[in-house]
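Chain and residue survey
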There are 2 protein chains.
Amino acid sequence: MKIVLDAMGGDHGPAVTVLGAVEAVNEYGINIILTGNRDLIEKELKKYDYLESYIEIIHCNEEITNEDKPVAAIRRKKDSSMVVGLNLVKEKKADAIISAGNTGALLAGGLFVLGRIKGIDRPALAPVYPTTKGASILIDGGANADCKPRNYLEFGIMGNIYAAKILGIHNPRVCTVNIGMEEGKGNDVTKEAYKLCQKAKFNFAGNVEARDIPSGSADVIICDGFTGNVILKLTEGIAATIFSTLKEEFTRNTLRKLAATILKSGLKDFKKTFDYTEYGGAPFLGVQGNLIKAHGSSNAKAIKNAIRQAKAFVEKEVVKDIMQQINELGEDTVE
Amino acid sequence: MKIVLDAMGGDHGPAVTVLGAVEAVNEYGINIILTGNRDLIEKELKKYDYLESYIEIIHCNEEITNEDKPVAAIRRKKDSSMVVGLNLVKEKKADAIISAGNTGALLAGGLFVLGRIKGIDRPALAPVYPTTKGASILIDGGANADCKPRNYLEFGIMGNIYAAKILGIHNPRVCTVNIGMEEGKGNDVTKEAYKLCQKAKFNFAGNVEARDIPSGSADVIICDGFTGNVILKLTEGIAATIFSTLKEEFTRNTLRKLAATILKSGLKDFKKTFDYTEYGGAPFLGVQGNLIKAHGSSNAKAIKNAIRQAKAFVEKEVVKDIMQQINELGEDTVE
């Protein structure tokens, strides 16, 4: 197995991606191809001890930045670390690709370079949503701002396979995000989506209200990419706000500071519950290949975990399963 | 000034609403009309000392429950505490109405009994969203699951007036919830809404990402009712999850329990920052009358604060201002 890592991607570039790769090589013994600027990558690699035969570098002259326009970047920057990486997967020279780079460009690359799976109208991002019960999958995490009812069905099928195979959840409860529990609630699209999902083969558990997402009421949370983005970013924002407010309250005087020191490990455990870096990245499900988007602000641990996740993704043949189930669905439900 | 309180509304009925009314009477000297079952209301009133001349009871034989279908309930239960109360406002026998009852029924009642303001396509709920900077207004909080671009403009106009007059925010920053900051981001509706809001007279500050809502980046947060509902309920769910997880961590052993005791007041201050009961209820803006929806689980303090809020609502002539600004807008932007 060979996994490509876009070494130039993410807020910290090779300084973080290379360390993540080294740790994954040493821990899991996976073969990794690093695409990007050879000089910068080698400079980082020199800092560490690792099994050298496991890491290969493919030099690229270009780089896609967060300022690049997604579609144009994929079309024009043919020698970028991202496009070169995607082509390696397309040409079966690698089994999976991970990038922490420009999200829009990576998704466009997934669509244009790898291509959609036949029968899938809208591939979608499926990040892990940490809950008090463990972890759920949210799909779509932001790839498609506008969705049709049929897309929810696809999201349910793909999310269900991913939750069962990668998160190891038995018979995942698949739910549509809605503004009420009962059938008939919601906007025009979610009402129709509900009806379609009721006929699906996965364990459709009805609507989930946003209030019940953090406590893990749904294993697979399906929604359009606009709602998914709001859920993910609001969660991030609230967590950050709560931590900073708590910190302020807990350091207001010496006695409180002392008490807070005692609770430090408790606070740490608490933070860990909601730590996305534990889970790696978000797969882009519905394209013909294993593509994982790592968070732009990923640290080395998050990159390492994304590599572990990519390995599972390949081994469990998630993409093959999606192809099969979408094929079984037939074209009769496509609008 | 007379304010009607639907005494039967809310999870706890007269036990809570009557106490809230008594406290408001004693604290603010407002005249209150309680609609509902006279026996139940009098039984509660007997428990307290208050200025008797300030509270009037109008007996109603019916009650709208949370199980009732909204539109049918408003049409059929003519002698319910909610419909009787709405009619008092319509007939100018009262200046405002507050109910903690069935939300759907109350909104339907606002539309059918009070009626929309001319030029407003979709009246909307405008709850307060507590932030670290104080408070923002979120509009629409759940009245309209499907919205057109024009509705966002209306929400902006109404939310702006409310934030300036009731929350006392100078030149409120009005923002549309979106999945990116830049113009051109979002789904089809938010893209169009952005263009309309750019031409508005209020201080349109562009898009706000959900991540930046809790830190108070926007004073008026405009979105469709589906997104608004997701934001409010997710916030509630995350806060509840975080508090229960913290509690678990902080009571894991005796030493931690001791330390947590020292931090108790800090935790209390922290909780207060995000306490909706401080702010009363959510006005239903865009109808011809002052209508406030209190949270179903309101305690007496929340009811008292909703009454104080209704008083300000009447005094500051929010509805008149909305009528004026919508009128100035003219019909040229109506689709």
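Refer to the preceding data block for the structure.
The sections below set out a description of the structure shown in this document. Being a predicted model, the structure only gives us computed values, none of them experimental.

Applying the stated criterion across every chain yields a total of seven aromatic pairs over all chains. An angle of 80° between the planes, with centres 5.2 Å apart, marks the rings of Tyr194(B) and Phe204(B) as edge-to-face. Linking Tyr194(B) in helix α7 (residues 188–198) with Phe204(B) in strand β9 (residues 204–209), this pair joins segments that are 10 residues apart in sequence. By the burial criterion, Tyr194(B) is buried, and Phe204(B) matches it. Note that Arg75(A) overlies the ring of Phe112(A), its terminal NZ or CZ placed 5.0 Å from the centroid.

Turning our eyes to something else, we now look at the relation of the copies chain B and chain A. Between the two copies, chain B and chain A, the superposition gives an RMSD of 0.0 Å; the rotation angle is 180° and the shift along the axis is 0.0 Å. Considering both components of the superposition, the chain copies are consistent with a two-fold axis. Measuring from the rotation axis to each C-alpha of chain B, the shortest distance belongs to Ala259(B), at 2.2 Å. A high fraction, 100%, of the interface residues of chain B reappear at the interface in chain A, so the copies pair face to face through one surface.

Here the focus is the environment of Asp79(A). Residues and elements named next belong to chain A. Relative to the assigned elements, Asp79 resides in the loop between α3 (70–76) and α4 (81–90). Taking relative accessible area as the criterion, Asp79 reaches 27% and is therefore assigned partly exposed. With residues near it in sequence (within four places) discarded, Asp79 still touches His59, Cys60, Asn61, Glu62 and Val84.

Residue and element names in this part refer to chain B. Read across the sheet, seven strands follow the order β3-β2-β1-β4-β12-β11-β5 without closing on themselves; strand pairing throughout is mixed. Two strands in the sheet have a free side with no partner beyond their single neighbour: β3 (55–59) and β5 (124–125). As paired strands, strand β2 (residues 31–36) and β3 are joined by five bridges and run parallel to one another. The partner of Ile33 across the bridge, within β3, is Glu56. Sitting on the sheet, helix α5 (residues 103–114) touches β4 (96–99), β5, β11 (282–285) and β12 (290–293), and the angle it makes with β12 is about 170°.

Interface size is commonly expressed as the accessible area that is lost once the parts come together. Counting residues at the interface gives 46 residues for chain B, matched by 46 residues for chain A. Between chain B and chain A, a total of about 4,500 Å² is buried, with carbon and sulfur atoms accounting for 74% of that surface. For the pair chain B and chain A, the number of links is four salt bridges. Salt-bridge contacts for Lys233(A) lead to Glu209(B); the nearest nitrogen and oxygen are separated by 2.2 Å. Viewed at the interface, chain A and chain B are joined by eight residue pairs in polar contact (both at pLDDT 80 or more). Of all the elements in the fold, those that place two or more residues in the side of chain B that touches chain A are β8 (174–178), α7, α8 (225–250), α9 (254–262) and α10 (264–273) of chain B. For the side of chain B that touches chain A, the element with the highest residue contribution is α8(B), accounting for 17 residues. Considering only residue class, the side of chain B that touches chain A consists of 23 nonpolar, 14 polar and nine charged.

A few words on the pairing of β4(B). Each regular strand displays side chains that alternate between the two surfaces of the sheet. Residues and elements named next belong to chain B. Because side chains alternate across β4, one face comprises the buried residues Ala96 and Ile98, and the other comprises Ile97 and Ser99, equally buried. Relative to β4, strand β1 (residues 2–6) runs parallel, the two sharing three bridges. Within the sheet, the bridge partner assigned to Leu5 lies in β4 and is Ile98. Pairing between β4 and β12: four bridges, direction parallel. Residue pairing across strands places Ile97 opposite Leu291, the latter belonging to β12.

Further remarks concern helix α1 (residues 14–28) of chain A. Residue and element names in this part refer to chain A. Here α1 spans 20 Å end to end across 15 residues, near enough to the 21 Å set by a 1.5 Å rise per residue. Turning to α1, its buried residues number three or more, namely Pro14, Val16, Thr17, Val18, Gly20, Ala21, Val22, Ala24 and Val25. On its buried face, α1 sits against β1 (2–6), β2 (31–36), α2 (38–45), β3 (55–59) and α11 (300–315).

Calculation criteria
Residues numbered from 1 in each chain as written. Chains lettered and ligands numbered in written order. Predicted model: local features only at pLDDT ≥ 70, side-chain atom pairs only at ≥ 80, totals over all residues. Heavy atoms only, no water. Phe/Tyr/Trp six-rings, centres within 6.5 Å; stacked < 30°, edge-to-face > 60°. Helix = DSSP H or I, 4+ residues; strand = E, 2+ residues; numbered from the N terminus. Buried < 20%, exposed > 50% of the residue type's maximum accessible area, 1.4 Å probe, protein only. Lys NZ or Arg CZ within 6 Å of the ring centre and 35° of its normal. Least-squares fit on C-alpha atoms with pLDDT ≥ 70 in both. Contact = heavy atoms within 4.5 Å. Pairing = 2+ DSSP bridges. Axes fitted to C-alpha atoms, helices over the stretch in contact; angles between N-to-C directions. Buried area = accessible area lost by both parts, 1.4 Å probe. Salt bridge = Lys/Arg side-chain N within 4 Å of Asp/Glu carboxyl O. Polar contact = N/O pair within 3.5 Å; in protein donor to acceptor, adjacent residues only side chain to side chain. Nonpolar A, V, L, I, M, F, W, Y, C, P; charged D, E, K, R; others polar. Expected span 1.5 Å × (residues − 1).

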